[in-house]
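# Descriptive analysis of the structure
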Amino acid sequence: MATERTFLAIKPDGVQRGLVGEILGRFETKGFKLVALKQLVPSRELAESHYGVHRERPFFAGLVDFITSGPVVAMVWEGDGVIASARKLIGATKPLEAEPGTIRGDLAVNIGRNVIHGSDAPETAVFEIGLWFAASELCEWTPADQVWRVEP
């Protein structure tokens, strides 16, 4: 499986509930590499671009209002199969359908307050990373444990 990058964002409910450390820890424990990290309150322009695919849906305004309502922790993670793996770690969009052990299954309250966003495909990841981060904000580095890993 090829090394890839994904965009993740801990939404205002996750930040305000103090879940940042636990969520970061799940991805670190899994073995993914953190390439970029920042906290910001997204502008309406950023939020509307991020959720642009939903622009014609009735919930679009609510998505934009929520994501701009407080700080978001935006991240880029790297690793083999990180997009699919992150989606499994995150769990189903609707917390009531998310399996126990997933971030949403364990921590999310409802579909409107589901703690985290994750890119759903390679093309989406490239778009979202470029939207939230300048190229200069992405850190290229090699974890010390890479020399221990055996390639298949």
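Computed from a predicted structure; not experimentally measured. (Residues numbered from 1 in each chain as written. Predicted model: local features only at pLDDT ≥ 70, side-chain atom pairs only at ≥ 80, totals over all residues. Heavy atoms only, no water.)

Our next topic: the UniProt feature "active site" (unreviewed entry) in the protein chain. As recorded in UniProt, the sites labelled "active site" (unreviewed entry) are His117. Locating His117 in the fold gives a position in strand β4 (residues 116-118). A relative accessible area of 15% places His117 in the buried class. Sequence-distant contacts of His117, defined by excluding residues within four places in its chain, comprise Phe7, Leu8, Ala9, Lys11, His50, Ile90, Arg104 and Glu128. (UniProt positions renumbered as here; feature names shortened; annotations may be inferred. Helix = DSSP H or I, 4+ residues; strand = E, 2+ residues; numbered from the N terminus. Buried < 20%, exposed > 50% of the residue type's maximum accessible area, 1.4 Å probe, protein only. Contact = heavy atoms within 4.5 Å.)

Another aspect to go through is the UniProt feature "binding site: ATP" (unreviewed entry) in the protein chain. On the UniProt side, "binding site: ATP" (unreviewed entry) is annotated at positions that read Lys11, Phe59, Arg87, Thr93, Arg104 and Asn114 here. By the element assignment, Phe59 lies in the loop between α3 (44-50) and α4 (60-67). Looking at Phe59, the relative accessible area reads 40%, which means it is partly exposed. Relative to the assigned elements, Asn114 resides in the loop between α6 (103-107) and β4. Apart from the residues lying within four places of it in its own chain, the contact partners of Asn114 are Lys11, Asp13, Thr93, Pro95, Arg104 and Ala108.

Attention shifts here to the sheet that holds β4. If you walk across this open sheet you meet the four strands as β2-β3-β1-β4, and the pairing is antiparallel. Looking at which strands have only one partner, the edges of the open sheet turn out to be β2 (33-40) and β4. Each strand axis lies, on average, 20° off the axis of its neighbour in the sheet, ignoring direction. Judged from the three bridges that link them, strand β1 (residues 3-10) and β4 form a sheet pairing that is antiparallel. For Leu8, the partnering residue across the bridge sits in β4 and is Gly118. The sheet contacts of helix α5 (residues 82-90) involve β1, β3 (72-80) and β4, and relative to β1 the element is tilted by about 35°. (Pairing = 2+ DSSP bridges. Axes fitted to C-alpha atoms, helices over the stretch in contact; angles between N-to-C directions.)

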